[in-house]
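One letter stands for each residue in the lines below.
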Amino acid sequence: MFRKVLVANRGEIAVRLIRALRESGIQSVAVFSDADRRALHVRLADEAEHIGPAPSSESYLRIDRILEAASSHQAEAIHPGYGFLSENADFAAACESTGVTFIGPSSDSIRKLGSKTQARILARQAGAPVVPGTEEPATNLDHARAVARQLGYPVLLKAAAGGGGKGMRRVNTESELESAVRDASSEAERAFKNSEVYIEKVIENPRHIEIQVLGDKHGNLVHLGERECSIQRRHQKVIEECPSPLVAVHPEMRAAMGAAALKIARAAGYYNAGTAEFLVDSNRNFYFLEMNTRLQVEHPVTELVTGLDLVQLQLRIACGEPLPFHQDDVRWRGSAIECRIYAEDPDNQFLPSPGTIQQLSEPGGPGVRLDSGVYPGWTVPIDYDPLLAKLAVWSESRASSIGRMLRALDEYAVTGIRNNIGFFRDILRDECFVDAYLHTGFIEEFIKRRPSLESDSDVEQIAALVAAKHNLNGARDTRPQTAEASRWQSLGRRGQLR
Ligand code: MV4
């Protein structure tokens, strides 16, 4: 096993990785920018190295500085976490050529799966279902017209180099096609320096369900089942679950989607952790979308339900050890739900809300897991994604997990900055959520029907604020209040109303 590993990330995921390293007796090296001098991950690591100013382009994205830090601290391996350099094939290649182990797949696998059109070709050739559409660029307009007509409108234009919804354009009729191709191409050129766009049939109101895969360097591959990630806002996941409530009632889907994900992974020579994303239509047909060649934000829900530690497994795989179990050994028990706790304002278009955390009361107790990257007194920088923590719960059933999450959210209070804890309380009580009526348009519809301060009159808003200040009742919390409502609860509510 490695003696020392550098963590090339920040925030909650860096903390998660440092914890895994500590458990395995591996020394950890943190890297940090100017904005993160006092960050939790720096405090928890055994060693730390400053790598530059706050902007990530000058710090967490600097391949040269990170490799220098690994070398000067004698780290034998680098874990990239998610985001930043985690899916950068050049970084993985640079690690490979300097003799540092990149804890992830080979640079070759990252490259093969990085282009969406290349990944589509690979998946199709491997025998996995892909969304009907093209693989070649839609540059020839006559060809694009013929393809779209054959697929049937509406169609979707997507950037080959895109991902995460950037550079996507829906085309409802043939008359819109020409200008849409032009617009999508120039947008793709600006965003990705690659103007290539291709055409897919539109899957209406799909679910987003993804399969976790794990492979070792000896060609063994297993899947760890699915995560339901349909609750998203502007292509940012908000709540994730394992199992998918849809797969829970159609268990044959897990084996079928798992087999498809493994075909793709095998065709890419994949090792370490990866995730195959699928769209699922209303007839339960599934289509491969893209492969994420990293550990994902939402990995804890898979860990809670399978009982496996994905980061420990990543470390063993990176060292060349074989997977310590077979597909048949994987079991799924109970239900896990994760909420992404953000420093953002749900009552003001989810604008980021950086600043100094005053009070912090964190949930705990049975079945509660909090992956947090913050502490009271710390200032959440404006320079990065404002994810404060991930709150995940496990229980025997989905219904009891929802109850447990509501209980944990009620224990959670953050003051000094705005956050989305109250927003989650509303979602988890929503009838459609409880009934598992989930699709990628859920949040948009939920926001319209959600009882919100914004839709109230000024007088009602002021009344709600006064009531909350005096702890008469929560602004959006209609449960009867007990006389002994805790101080933390009132602090939390006040924090949300600031
Ligand atoms: C689609 C689609 C419908 N049909 N492709 C958005 C992110 C990118 N990874 C793919 N996305 C979509 N591709 C076809 N052919 C709908 C979406 C989509 C979506 C997908 C997953 C999760 C949330 C989404 C929200 C809006 C649209």
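Residues numbered from 1 in each chain as written. Predicted model: local features only at pLDDT ≥ 70, side-chain atom pairs only at ≥ 80, totals over all residues. Heavy atoms only, no water.

### Brief notes about the nonpolar core
Phase 1: Core analysis: the largest hydrophobic core is formed by 66 residues, its most contacted members being L6, I78, I341 and I427.
Phase 2: Not counting the four nearest positions on each side in its chain, I427 is found in contact with V238, I239, F433, F442, I443 and F446.
Phase 3: A77, L214, L224 and V311 belong to the second-largest nonpolar core, a separate cluster that totals 32 residues. (Core = buried A, V, L, I, M, F, W, Y, C linked by side-chain atoms within 4.5 Å. Buried < 20%, exposed > 50% of the residue type's maximum accessible area, 1.4 Å probe, protein only. Contact = heavy atoms within 4.5 Å.)

### Observations concerning helix α6 (residues 116–126)
Phase 1: Those residues of α6 not exposed but buried are K116, T117, A119, R120, L122 and A123.
Phase 2: Buried positions along α6 lie against α5 (107–114), β6 (155–159), β8 (197–201), α10 (252–267) and β13 (286–292).
Phase 3: Positive phi shows up at G127, right after α6, with a value of about 90 degrees. (Helix = DSSP H or I, 4+ residues; strand = E, 2+ residues; numbered from the N terminus.)

### Overview of the pattern of salt bridges
Phase 1: Inspection of every chain in the model, using the stated rule, returns 37 salt bridges.
Phase 2: A salt bridge links D64 to R62, with the nearest nitrogen and oxygen atoms 2.8 Å apart.
Phase 3: Residue R207 is joined to E228 by a salt bridge in which the shortest nitrogen-to-oxygen separation is 2.7 Å. One end of the pair, R207, is in strand β9 (residues 207–215); the other, E228, is in strand β10 (residues 221–233), with 21 residues separating them in the sequence. An identical accessibility class is assigned to R207 and E228; each is buried.
Phase 4: One network of salt bridges, in which partners are shared, links E210, R227, K237, E240, E298 and R340. (Salt bridge = Lys/Arg side-chain N within 4 Å of Asp/Glu carboxyl O.)

### Points about the sheet that holds strand β1 (residues 4–7)
Phase 1: Sheet architecture is open: five strands sit in the order β3-β2-β1-β4-β5, paired in parallel fashion. One side of each edge strand has no neighbouring strand; the edge strands of this open sheet are β3 (47–52) and β5 (101–102). (Pairing = 2+ DSSP bridges.)

### So, the packing of aromatic side chains
Phase 1: Across all of its chains, the model carries 11 aromatic pairs by this definition.
Phase 2: Ring geometry for F91 versus F102: centroids 5.9 Å apart, planes at 85 degrees, classification edge-to-face. Here the residue F91 occupies a position in helix α4 (residues 89–98), and F102 occupies one in strand β5, the gap between them amounting to 11 residues. With respect to class, F91 is no different from F102; both count as buried.
Phase 3: These aromatic residues form a ring-pair network of at least three members: F350, F423, F433, F442 and F446.
Phase 4: Across the ring face of W332, the terminal group of R254 is positioned such that the distance to the ring centre comes to 4.4 Å. (Phe/Tyr/Trp six-rings, centres within 6.5 Å; stacked < 30°, edge-to-face > 60°. Lys NZ or Arg CZ within 6 Å of the ring centre and 35° of its normal.)

### Side note on the site of the ligand
Phase 1: Within the structure, the ligand sits among 17 residues, and K158, E200, K201, I203 and T440 are positioned closest to it.
Phase 2: Backbone polar atom of K201 to a nitrogen atom of the ligand: 2.6 Å apart, as the coordinates give it.
Phase 3: In the complex, 89% of the free accessible area of the ligand, which totals 530 Å², lies under the protein chains.
Phase 4: Taken together, the elements giving at least two residues each to the shell around the ligand come down to β6, β8 and β13.
Phase 5: Residues of the shell around the ligand, tallied by class, amount to seven nonpolar, six polar and four charged. (Near = heavy atom within 4 Å. Polar contact = N/O pair within 3.5 Å; in protein donor to acceptor, adjacent residues only side chain to side chain. Areas by Shrake-Rupley, 256 points an atom, 1.4 Å probe, with all protein chains shown as cover. Nonpolar A, V, L, I, M, F, W, Y, C, P; charged D, E, K, R; others polar.)

### Comments concerning the sheet that holds strand β14 (residues 335–342)
Phase 1: The eight strands are arranged β13-β12-β9-β10-β11-β14-β21-β19 in an open sheet whose pairing can be described as antiparallel. What marks the edges here is a single partner per strand, and that holds for β13 and β19 (368–372). Adjacent strand axes in the sheet meet at a mean angle of 25 degrees, parallel and antiparallel pairs treated alike.
Phase 2: Two elements, β10 and strand β11 (residues 236–242), share four bridges in a ladder whose sense is antiparallel. Note on β11: the bridge partner recorded for E228 is E241.
Phase 3: Packing of helix α12 (residues 310–318) onto the sheet brings it into contact with β9, β10 and β12 (272–280), and relative to β9 it is tilted by some 40 degrees. (Axes fitted to C-alpha atoms, helices over the stretch in contact; angles between N-to-C directions.)

### Focus: the confidence of the model for the protein
Caution applies to low-pLDDT regions: their predicted coordinates should not be interpreted in detail.
Phase 1: Of the residues in the protein, 90% have a pLDDT of 70 or more, and the chain-wide mean is 92.
Phase 2: Every residue in residues 471–495 is under pLDDT 50, and counting partners more than four places away or in other chains gives 39 contacts. (pLDDT = per-residue confidence, 0-100.)

### So, unusual backbone geometry
Glycine aside, the phi torsion of most residues is negative, and most peptide linkages are trans.
Phase 1: P154 follows Y153 through a cis peptide bond whose omega is 0 degrees.
Phase 2: Structurally, P154 is set in the loop between α7 (141–151) and β6.
Phase 3: Here the phi dihedral of R234 falls at roughly 50 degrees; this positive angle occurs in a residue that is not glycine.
Phase 4: Phi is positive for H235, which is not a glycine, with a value near 65 degrees.
Phase 5: Locating H235 in the fold gives a position in the loop between β10 and β11.
Phase 6: H235 gets classed as partly exposed once you look at its relative accessible area, which sits at 48%.

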